[in-house]
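# Survey of secondary and tertiary structure
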Amino acid sequence: MTDSFLFKGQRQRLVQELQTKGITHSGVLQAIGTVQRHMFFNDSILQSHAYDDKAFPIDAGQTISQPYTVAFQTQLLNIQSKDKVLEIGTGSGYQAAVLYALGARVYSIERQKQLYFKTKQLLKKMNIFVETFLGDGYKGLPQFAPFDKIIITAAAPFIPRPLLDQLTIGGIMVVPIGEGIQQKMLKIKKLSDNEFEQSEHGTFSFVPMLGGIAE
Ligand code: SAH
């Protein structure tokens, strides 16, 4: 499925909707207006809703995040071109594609084997050059650290210490924290090896961050 005037129009409407909901970062809005979200759906009925501001089911009981949530987390990260970014929870690949559209160098980890292989292939087909890894996001990617930005796209019960260690001084991590249906969105800035500045940015609803790798 290629792009179409219909999808282009729907994307522009989505951008306007996100603006009315409070997204102001021009780069983020531009990225949402560029990335073909319909390509991340395999079901043609769901695909016709690709530019609704909603989360949808993907494989392995997981979800493609709501565009507002993707835009909100990305805005908090304040991505600069060439930033080295670690994403936990590749899922459909949509969030990774938005980060890539902003000029970031993206490393993304997924724990579900089936999703990992499928998304890796899709991103390659779309010429979206993101480094994908099958692994446990709680451990991060020490071999590629440090990262300027880290984004967790699943609900974390606590802040994983290895990820804080893999952040550059001055780096930012954005993570939804909580074990219930809703989580608090936290932005954490690393001031020094042991000093962090934390702020809260509303409540969101994510699938849980789980440990280990799943077949
Ligand atoms: N960023 C994704 C959102 C996917 S939902 C998108 O844009 O579509 C969250 C994803 O996190 C799921 O695919 C889930 O399998 C994955 N996940 C959960 N715990 C994880 C962990 N410990 N390490 C890596 N991925 C994890």
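Throughout what follows, the structure given in this document is the object of discussion. (Residues numbered from 1 in each chain as written. Predicted model: local features only at pLDDT ≥ 70, side-chain atom pairs only at ≥ 80, totals over all residues. Heavy atoms only, no water.)

With 13 residues, helix 6 (residues 113-125) extends 19 Å between its outermost C-alpha atoms, agreeing within 8% with the 18 Å of an ideal straight helix rising 1.5 Å per residue. The inward-facing, buried residues of helix 6 contact strand 4 (105-110) and strand 5 (131-134). Looking one or two residues past helix 6, Asn127 carries a phi angle of roughly 60°, positive in sign. (Helix = DSSP H or I, 4+ residues; strand = E, 2+ residues; numbered from the N terminus. Expected span 1.5 Å × (residues − 1). Contact = heavy atoms within 4.5 Å.)

In this section: the packing of helix 4 (residues 67-77) against helix 5 (residues 94-101). Between two packed helices, what matters for the description is the angle formed by their axes and the separation of those axes. At a minimum axis separation of 11 Å, helix 4 and helix 5 run at an interaxial angle of 40°. By the criterion of interaxial angle, the relationship of helix 4 to helix 5 is oblique. Handedness of the crossing formed by helix 4 with helix 5: right-handed. In this structure, helix 4 uses Val70, Gln73, Thr74 and Leu77 to contact helix 5, whose residues at the interface are Tyr94, Gln95, Val98 and Leu99. (Axes fitted to C-alpha atoms, helices over the stretch in contact; angles between N-to-C directions. Parallel < 35°, antiparallel > 145°, perpendicular 65-115°, else oblique. Left-handed = near helix turned anticlockwise from the far one by under 90°.)

Counting residues in each nonpolar core, the largest one holds 47 residues, and the members touching the most others are Leu18, Ile23, Ile32, Phe40, Tyr94 and Leu99. Those elements that place two or more of their residues in this core are helix 1 (5-20), helix 2 (26-34), helix 4, helix 5, helix 6 and strand 7 (167-177). At six residues, the largest contribution of residues to this core is made by helix 4. Sequence-distant contacts of Ile32, defined by excluding residues within four places in its chain, comprise Arg11, Leu14, Val15, Leu18, Pro67, Val70, Ala71, Tyr94 and Val98. By size, the runner-up hydrophobic cluster in this structure holds 21 residues, among which are Ile88, Tyr107, Ile109 and Leu163. (Core = buried A, V, L, I, M, F, W, Y, C linked by side-chain atoms within 4.5 Å. Buried < 20%, exposed > 50% of the residue type's maximum accessible area, 1.4 Å probe, protein only.)

On to the pairing of strand 4, then. The buried count for strand 4 comes to five of six residues, which makes it a mostly enclosed element. Sheet topology note: the strand 3 (residues 84-88)/strand 4 ladder contains five bridges and is parallel. When the sheet's bridge partners are listed, Ile88 is paired in strand 4 with Ile109. The β-α-β motif built from strand 3, the intervening helix 5 and the parallel element strand 4 has right-handed crossover chirality. Bridge count between strand 4 and strand 5: four bridges; the pairing is parallel. In the sheet register, Ile109 faces strand 5, and the bridge partner there is Phe133. Following the chain from strand 4 across helix 6 to the adjacent parallel strand 5, one finds a crossover that is right-handed. (Pairing = 2+ DSSP bridges. Right-handed = clockwise from strand over helix to strand, strands pointing away.)

A word on the site of the ligand. In the vicinity of the ligand lie 27 residues, with Glu87, Ser92, Glu110, Gly137 and Leu210 positioned nearest. Here an oxygen atom of the ligand sits 2.6 Å away from a polar atom, N or O, in the side chain of Ser92. Contacts to the ligand include Asp136, whose side-chain N or O atom sits 3.1 Å from a nitrogen atom. Coverage of the ligand by the protein chains reaches 99% of its 580 Å² of free accessible surface. Tallied by class, residues from the shell around the ligand come to 11 nonpolar, 12 polar and four charged. (Near = heavy atom within 4 Å. Polar contact = N/O pair within 3.5 Å; in protein donor to acceptor, adjacent residues only side chain to side chain. Areas by Shrake-Rupley, 256 points an atom, 1.4 Å probe, with all protein chains shown as cover. Nonpolar A, V, L, I, M, F, W, Y, C, P; charged D, E, K, R; others polar.)

Attention now goes to the pattern of salt bridges. Two side chains carrying opposite charge are able to pair once their charged atoms lie near each other. Enumeration according to the criterion identifies eight salt bridges in this entry. Among the ionic pairs, Lys21 bridges to Asp53, the shortest N-O distance being 2.6 Å. With Lys21 in the loop between helix 1 and helix 2 and Asp53 in the loop between helix 3 (44-47) and strand 1 (56-57), the pair connects residues that are 32 residues apart, well separated along the chain. Assessed through its relative accessible area of 38%, Lys21 is described here as partly exposed. The residue Asp165 makes a salt bridge to Arg161 at a minimum N-O spacing of 2.9 Å. Here the residue Asp165 and the residue Arg161 both occupy positions in helix 7 (residues 161-165), the gap between them amounting to four residues, near one helical turn. Each member of the salt-bridge network shares a partner with another, and the members are Glu17, Lys21 and Asp53. (Salt bridge = Lys/Arg side-chain N within 4 Å of Asp/Glu carboxyl O.)

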